[in-house]
Amino acid sequence: MPPVNMQSKRPKKQSTYGLQLQEKQKAKKMYGLREKQFGLTFLRAKKKGDAGENLLRLLEMRLDNVVYRFGLAITRAQARQMVNHAQFDVNGQKVDIPSYTVKPNDIVTVRKSKKQKKQFVGADERVKKAIMPSWLNFDASDLSGKVLHEPKKEDLDQSINSQLIVEFYSR
């Protein structure tokens, strides 16, 4: 077998499909979703209006992401687990579904019985350091936050090219 000359191997230009897939995988990983969940979220997003913008808006409005944005969790995975363990109320009702979509004027609070847990002790300091999006408001003294409105286009994650994701699902 002749030796392979590594210098003659040029890196191949990534295909359009490859770029689209890479962008979808990046968004999926960032929000901690599996393929089916991500696909269903996309189907909801394309029902009306700009599918790419709607997709990012739906991902941002998930309860686990809102908990992460409040600064109550260090990672989205931790926020997902905290929601799964029923540590939050939405408008006074226990919610333990991370994919629950919050709506404008919803109030998310740490459940009274969970406020003494170690992850919430000193949370007010973490929350002060968190970069709070303009569409959320958090009161560190009673560990509750309010969804003021849906995120605007400038509030959405600019590192994700949602157009590539729309093109990926439109093939």
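See above for the structure.
Residues numbered from 1 in each chain as written. Predicted model: local features only at pLDDT ≥ 70, side-chain atom pairs only at ≥ 80, totals over all residues. Heavy atoms only, no water.

Trainee: What's the story with the packing of helix 3 (residues 51-60) against helix 7 (residues 162-169) in this structure? I'm lost.
Mentor: One can describe the packing of helix 3 onto helix 7 by two numbers: an axis separation of 8 Å at closest approach and a directional angle of 110°. Judged on the interaxial angle alone, helix 7 and helix 3 are roughly perpendicular. When helix 3 is examined against helix 7, the residues A51, G52, E53, L55 and L56 are found in contact with a partner set consisting of S162, I165 and V166. For the contact of helix 3 with helix 7, the class distribution of residues is 5 nonpolar, 2 polar and 1 charged. (Axes fitted to C-alpha atoms, helices over the stretch in contact; angles between N-to-C directions. Helix = DSSP H or I, 4+ residues; strand = E, 2+ residues; numbered from the N terminus. Parallel < 35°, antiparallel > 145°, perpendicular 65-115°, else oblique. Contact = heavy atoms within 4.5 Å. Nonpolar A, V, L, I, M, F, W, Y, C, P; charged D, E, K, R; others polar.)

Trainee: I tried to follow the side chain of R57 on my own but got confused; where do I start?
Mentor: One can find R57 in helix 3. On the accessibility criterion, R57 (14% relative accessible area) is buried. Among the polar contacts listed, one links the side chain of R57 to the side chain of E53, at a separation of 2.8 Å. Among all residues touching R57, those that are not within four sequence positions of it are E150, P151, K152, K153 and L156. (Buried < 20%, exposed > 50% of the residue type's maximum accessible area, 1.4 Å probe, protein only. Polar contact = N/O pair within 3.5 Å; in protein donor to acceptor, adjacent residues only side chain to side chain.)

Trainee: Help me out: how do you make sense of the sheet that holds strand 3 (residues 107-110) in this one?
Mentor: Within a sheet, adjacent strands bond to each other through the backbone by hydrogen bonds, running parallel or antiparallel. Judged by pairing direction, the sheet is antiparallel, and its 5 strands sit side by side in the order 2-1-3-5-4 without closing on themselves. One side of each edge strand has no neighbouring strand; the edge strands of this open sheet are strand 2 (93-95) and strand 4 (136-139). Between one strand axis and the next, the sheet turns through 30° on average, direction left out of account. Summarising the sheet, strand 4 and strand 5 (residues 144-147) pair through 4 bridges and their orientation is antiparallel. From the neighbouring strand, F138 faces strand 5, where its bridge partner is G145. Sitting on the sheet, helix 4 (residues 63-70) is in contact with strand 1 (88-90), strand 2, strand 3, strand 4 and strand 5, with an inclination near 60° to strand 4. (Pairing = 2+ DSSP bridges.)

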